[in-house]
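Here is what each chain is made of, one letter per residue.
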Amino acid sequence: MNAERVTVIGDGGWGTTLALLLGGKGNAVRLWGAFPEYVEAMRERRENTKFLPGIPLPESLELTGDLAAAVAGAGLVVMAVPTQFMRGVLRRLARCYSPGTPIVSVAKGIENRTLLRPTQVIADVLGRAPVVALSGPSHAEEVARGLPATVTAASRNAALARRVQQLLMTDRFRVYTTTDVAGVELGGAVKNVVAIAAGICDGLGLGDNAKSALLTRGLAEMMRLGMALGARRDTFAGLAGIGDLITTCTSPYGRNRSVGMQIAQGKSLDEVVAGTAMVAEGIRTTLSVRALARRHGVEMPITAQVYRVLFRGKDPRAAVRDLMSRAAKDEVG
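Bear in mind the structure is a predicted one, so any value in this text is a computation, not a measurement. Per-chain numbering applies: the sequence of each chain, read as written, is numbered from 1 onward. Local features in this predicted model are restricted to residues of pLDDT 70 or higher, and side-chain atom pairs are both shown and tallied only at a pLDDT of 80 or more, whereas totals for entire chains, interfaces and linings draw on every residue. To get the side-chain values, take all heavy atoms of the structure and skip hydrogens and water.

Right, let's talk about the overall build of the chain for a bit. Secondary structure follows DSSP: runs of H or I at least 4 residues long count as helices, runs of E at least 2 residues long count as strands, and numbering of each begins at the N terminus. The helix and strand tally for the chain stands at 15 helices and 10 strands. For the chain, whose C-alpha radius of gyration is 19 Å, the value lies close to the compact-globule estimate of 20 Å for 333 residues. Considered along the principal axes of its C-alpha atoms, the chain spans approximately 60 × 40 × 35 Å. Accessibility here uses a 1.4 Å probe with only protein chains present; expressed as a share of the type maximum, an area under 20% marks a residue as buried, one over 50% as exposed, and anything in between as partly exposed. When burial is assessed residue by residue, the chain has 53% of its 333 residues classed as buried. Radius of gyration: over C-alpha atoms. The globule rule applied is 2.2 Å multiplied by the number of residues raised to the 0.38 power.

See below:
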């Protein structure tokens, strides 16, 4: 495949990692960051010390805080901005975006005010832009070190999904394709809510049995919401569903799991947020997932309890007790 000029918008850990991966395949890559002072610091140190420490940034990776310059001449744009900040960045991008340029969204959340998925937010701001959602079990810290990982590229345009697949594929980073954009994005969003519950489970020392049950029933909630919103059931048995759920709920790198652990240990949500440099998407996504569940009449008891713990000050132990004492029912259905 011929080399391309690619712009990555968002200098967090995952955006930086994808910029390195793309550059390593011979593409001309620009990485844009929202804060020019920090971009200049990265340029001088050739390291993203805040979000991807210990990984050198090659001189061939262009770093910029000028959005118009970043996207000039780009054949493809990677949108690596957290969901709740995406609309603001897209509005700035709209002034310099070349219509028809494909956009790959790697955000894992649901916008609070509109309850739109990331690719829907892109369409809302930019119109009929060709979009791909990229998701799956892929912690930046591991991918940047060359450890094997596998993800899914989802687009209604199957040819575009295959183009992104070929652009990103290496012998250490495998990409599958699907047309189920809703399923891939909903899996990426809901798993972060379940990961907060998993962190609470670990923080309270509830054991392996409880953790396994939590992941299984969390997957059931993910599937119920996804199918109510038009996703395919089998998507949640794949990388963007159970695959990402396992990684996020068990890895020491998981920001959302860390939030849950700290809450279980007695910290307030404000204290947790103040002490976290990176965005834990699951916090704000909990609001959106709960709202979607209520709108569509989908039963999501784990999500409901995470909401009450985070935003209503409920004791995590009481949340566990209420989940365990729900009325008896069949497992399937």
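This part takes up helix H8 (residues 181–203). Multiply 1.5 Å by the residue count of a helix minus one, and that product is the helix's expected span. For H8, built from 23 residues, the straight-helix expectation of 33 Å at 1.5 Å per residue is met to within 8% by its first-to-last C-alpha distance of 33 Å. Counted residue by residue, H8 has 21 buried out of 23 residues, so it is predominantly covered. One or two steps after H8, the chain reaches Gly205, where phi turns positive at roughly 65°.

Attention shifts here to the packing of helix H4 (residues 83–93) against helix H5 (residues 118–126). Here H4 crosses H5 at 25°, and the two axes come no closer than 10 Å. In terms of axis orientation, H4 runs roughly parallel to H5. Here H4 runs over H5; the crossing is right-handed. On H5, the residues that touch Thr83, Met86, Arg87, Leu90, Arg91 and Leu93 of H4 are Pro118, Val121, Ile122, Asp124, Val125 and Leu126. In this analysis, axes come from line fits to C-alpha atoms, helices being fitted only over the stretch in contact, and the angle between any two N-to-C directions falls in the range 0 to 180 degrees. Angular relationships are summarised with four words: roughly parallel below 35 degrees, roughly antiparallel beyond 145, roughly perpendicular across 65 to 115, and oblique for the angles in between. Left-handed describes a crossing whose near helix is turned anticlockwise from the far helix through less than a right angle; right-handed describes the clockwise counterpart. When checking whether two residues touch, look at their non-hydrogen atoms; a contact exists if any pair is within 4.5 Å.

Turning next to the pattern of salt bridges. We count a salt bridge whenever a side-chain nitrogen from Lys or Arg sits within 4 Å of a carboxyl oxygen from Asp or Glu. Going through the model one piece at a time under the given rule, you end up with 15 salt bridges. Between Asp234 and Arg232 there is a salt bridge; the shortest N-O distance is 3.7 Å. A network of salt bridges, in which partner residues are shared, links Arg87, Glu111 and Asp124.

Next up on the list: the environment of Ile196. Among the secondary structure elements, Ile196 is positioned in helix H8. Each C-alpha atom of the pair Ile196 and Gly254 lies 9.3 Å from the other, and the pair is 58 residues apart in sequence.

This part takes up the pairing of strand E2 (residues 28–32). By the criterion of burial, E2 is predominantly enclosed, with 4 of the 5 residues buried. Across 5 bridges, strand E1 (residues 5–9) lies against E2 in parallel orientation. Its bridge partner lying in E2, Arg5 is registered against Ala28. A crossover counts as right-handed when, viewed with the strands pointing away from the observer, the path leading from the first strand over the helix to the second turns clockwise. Each parallel crossover has a hand, and the one from E1 via helix H1 (residues 13–24) to E2 is right-handed. Bridging between E2 and strand E5 (residues 62–64) involves 3 bridges; their strand directions are parallel. If you follow Leu31 over to E5, its bridge partner there is Leu63. In this scheme, strands are said to pair when DSSP sees at least two bridges between them.

Looking at where Gly88 falls in the secondary structure, it is placed in helix H4. A sequence separation of 37 residues divides Gly88 from Val125, and the C-alpha atoms of the two residues are 9.5 Å apart.

What follows covers the sheet that holds E1. Strand order in the open sheet made by the 8 strands is E5-E2-E1-E6-E7-E8-E9-E10, with mixed pairing throughout. The open sheet has two edge strands with one neighbour each: E5 and strand E10 (173–178). Adjacent strand axes in the sheet meet at a mean angle of 25°, parallel and antiparallel pairs treated alike. Packing of H1 onto the sheet brings it into contact with E1, E2, strand E6 (76–79), strand E8 (131–135) and E10, and relative to E2 it is tilted by some 170°. Against the sheet, helix H7 (residues 158–168) contacts E1, E6, strand E7 (103–105), E8, strand E9 (149–154) and E10, and its axis sits at roughly 180° relative to E10.

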